[in-house]
Amino acid sequence: MIAKRLFWMRVSRYMKQQWKTVRLIVDWTIFLYGVVPLLIWAGYSYWLVWEGNIDWLRDVPYLLWAILFGWVMWQDRIFVWVERADIILVSDRSMIRQLKWYSVSYHLVQHVIQYGFYLSLIAPILHMKGRSAVEILAFGAAFLLLAWCHAWIQYQLRLRHAHLTKRFLIILLAFVGAYALLIESVLLGVLIGSVMVTFALYVGEGWVSRHPNIGREIEIGERERASFDRMLLTTSGAIEKTSERKRPLYRPRPNRFGTVRRTMALLMYFRTPSHRNLWFRLIPLGVTSVILLPSWFKVLVPIYLLYVAYQEHTSFTREMERHPFFQSIQERGSS
């Protein structure tokens, strides 16, 4: 009971943190003018695919879809909801065991939802290629099993500090399995699936009962839970992107403050209603003008938009030069 309550507390805290990060970037105007039109366009395109009006998707070879699925499986991550404070509970193996089982159940449900969404995206393409509903569901179930075994094996290899070559061989094996499912090669699909399931059972033997790599598991869990926020900070330049190599070949002197200055200025610009509403009016006007204007007059529209962007950039940069936040960053960068 204590482990279950502790697990749900950590999951809810993680969800709230992710939601706060998303809200920091996307406000209601971006959702209204960006996300809603994108969802409408995506829904309309999805309906066109089901109707068979996008014929070029039928001609895309299965090899490209298998490469796409391989890249998707490479992005899968598994971690346990065990934190550093739980190390004192290692003597109570039942607590760690229950947290591990809850973590596996959490990721399994996440995989079912995630790959169910992927199956719904590729279902109309498989339908255009002559697959029935039963065959599409069978493909989805087999692909879910393959993806779960791949993610589980990759996690166990990360715990053991396995060489990157071994991890690449596993993703190559999963890629061949996905390709076999797409081309309906039953023998190759069963062979690859059997190998993946057997290897997954082998590498995960005793993982629940024994905890030799509990410190490594905590480190991976902390890194994965903070990966989204850290990606935003490293992309903006607020923190230095660390290298996992033991002996990096090149360690330049970090000069991040210029990147932070540009990123923060861009966020502040688009979160200012007057600037944002200007572009929400100019962009539809520009698209309409390109459609209506004849011949070479269309070239004047992007030239005018570039001129407005240059004027906005110049004026806003001068305004930000007087901002205390950027003045403090400039002083830190010069010191």
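### Observations regarding the overall build of the protein
When helices and strands are tallied, the protein shows 13 helices and zero strands. Shown N-terminal to C-terminal, the secondary structure of the protein runs as helices and strands in the order α-α-α-α-α-α-α-α-α-α-α-α-α. Looking at the 335 residues of the protein, the share that counts as buried comes to 33%. Residue pairs at least 24 apart in sequence account for 76% of intrachain contacts in the protein once pairs closer than 6 positions are excluded. Carbon together with sulfur atoms contributes 68% to the accessible area of the protein, which is approximately 21,900 Å² in total.

### Focus: the packing of helix α3 (residues 62-74) against helix α4 (residues 93-128)
Direction vectors running N to C along α3 and α4 enclose 170°, while the axes themselves pass 13 Å from each other. What the angle tells us is that α3 and α4 run roughly antiparallel. Within the contact between the two elements, α3 uses Tyr62, Trp65, Phe69, Val72 and Met73 and α4 uses Gln114, Tyr115, Tyr118, Ile122, Ile125 and Leu126. When grouped by side-chain class, the residues that make up the contact of α3 with α4 number 10 nonpolar, one polar and no charged.

### Things to note about the pattern of salt bridges
Within the structure shown, the criterion is met by six salt bridges. Salt-bridge contacts for Glu184 lead to Arg131; the nearest nitrogen and oxygen are separated by 3.4 Å. You can see Glu184 sitting in the loop between α6 (164-182) and α7 (186-203) and its partner Arg131 sitting in the loop between α4 and α5 (133-159), a full 53 residues away along the chain. Taking the relative accessible area as the measure of exposure, Glu184 reaches 49% and is therefore partly exposed. Assessed through its relative accessible area of 5%, Arg131 is described here as buried. The shortest N-O distance in the salt bridge between Glu219 and Arg223 comes to 3.0 Å. In this pair, Glu219 and Arg223 both sit in helix α8 (residues 214-225), four residues apart, roughly one turn of the helix. A relative accessible area of 34% means that Arg223 is categorised as partly exposed. Connected through shared salt-bridge partners, Arg77, Arg158 and Glu224 make up one network.

### Focus on the side chain of Gln156
Tracing the backbone through its elements, the reader meets Gln156 in helix α5. At a separation of 2.9 Å, a polar atom in the side chain of Gln156 contacts the side chain of Arg160.

### Side note on the packing of aromatic side chains
Scanning all chains against the criterion turns up 19 aromatic pairs. Each ring, one from Phe139 and one from Phe143, has its centre 5.9 Å from the other, and the planes form 5°; the classification is stacked. Of this pair, Phe139 and Phe143 both sit in helix α5, separated by four residues, roughly a single helical turn. Accessibility expressed as a relative area gives 5% for Phe139, which makes it buried. Members of the aromatic cluster, connected to one another through ring pairs, are Phe7, Trp8, Tyr14, Phe79, Trp81, Tyr102 and Tyr106. Across from the ring centre of Trp207, 4.7 Å away, lies the NZ or CZ of Lys100, which sits over that ring.

### Observations regarding α7
Taking 1.5 Å of rise per residue, the 18 residues of α7 would be expected to cover 26 Å, and the 26 Å separating its terminal C-alpha atoms lies within 8% of that figure. Taken together, the buried positions of α7 are Gly189, Ile192, Met196, Ala200 and Val203. Around the axis of α7, the buried residues are gathered within 80° of arc, so they sit on the same side. Exposed side of α7, more than 90 degrees from the buried face: Val186, Leu187, Leu191, Thr198, Leu201 and Tyr202 are the residues found there. Tucked into the core, α7 has its buried residues touching α5 and α6.

### As for α6
Across its 19 residues, α6 extends 27 Å between first and last C-alpha, which sits within 8% of the 27 Å expected from 1.5 Å per residue. Within α6 the residues assigned to the buried category are Arg167, Ile170, Ile171, Ala174, Gly177, Ala178, Ala180, Leu181 and Leu182. In this structure, the buried side of α6 is in contact with α3, α4, α5 and α7. Just downstream of α6 lies Glu184, where phi reads positive at about 60°.

### A short note on the environment of Tyr62
Of note, Tyr62 is situated in helix α3. For the pair Tyr62 and Leu182, spaced 120 residues apart in the sequence, the C-alpha separation amounts to 6.4 Å. Apart from residues no more than four positions distant in its own chain, Tyr62 is found in contact with Leu126, Lys129, Arg131, Tyr179, Leu182 and Ile183.

What counts, and at which threshold
Residues numbered from 1 in each chain as written. Predicted model: local features only at pLDDT ≥ 70, side-chain atom pairs only at ≥ 80, totals over all residues. Heavy atoms only, no water. Helix = DSSP H or I, 4+ residues; strand = E, 2+ residues; numbered from the N terminus. Buried < 20%, exposed > 50% of the residue type's maximum accessible area, 1.4 Å probe, protein only. Contact = heavy atoms within 4.5 Å. Areas by Shrake-Rupley, 256 points an atom, 1.4 Å probe, with all protein chains shown as cover. Axes fitted to C-alpha atoms, helices over the stretch in contact; angles between N-to-C directions. Parallel < 35°, antiparallel > 145°, perpendicular 65-115°, else oblique. Nonpolar A, V, L, I, M, F, W, Y, C, P; charged D, E, K, R; others polar. Salt bridge = Lys/Arg side-chain N within 4 Å of Asp/Glu carboxyl O. Polar contact = N/O pair within 3.5 Å; in protein donor to acceptor, adjacent residues only side chain to side chain. Phe/Tyr/Trp six-rings, centres within 6.5 Å; stacked < 30°, edge-to-face > 60°. Lys NZ or Arg CZ within 6 Å of the ring centre and 35° of its normal. Expected span 1.5 Å × (residues − 1). Arc of directions from axis to C-beta.

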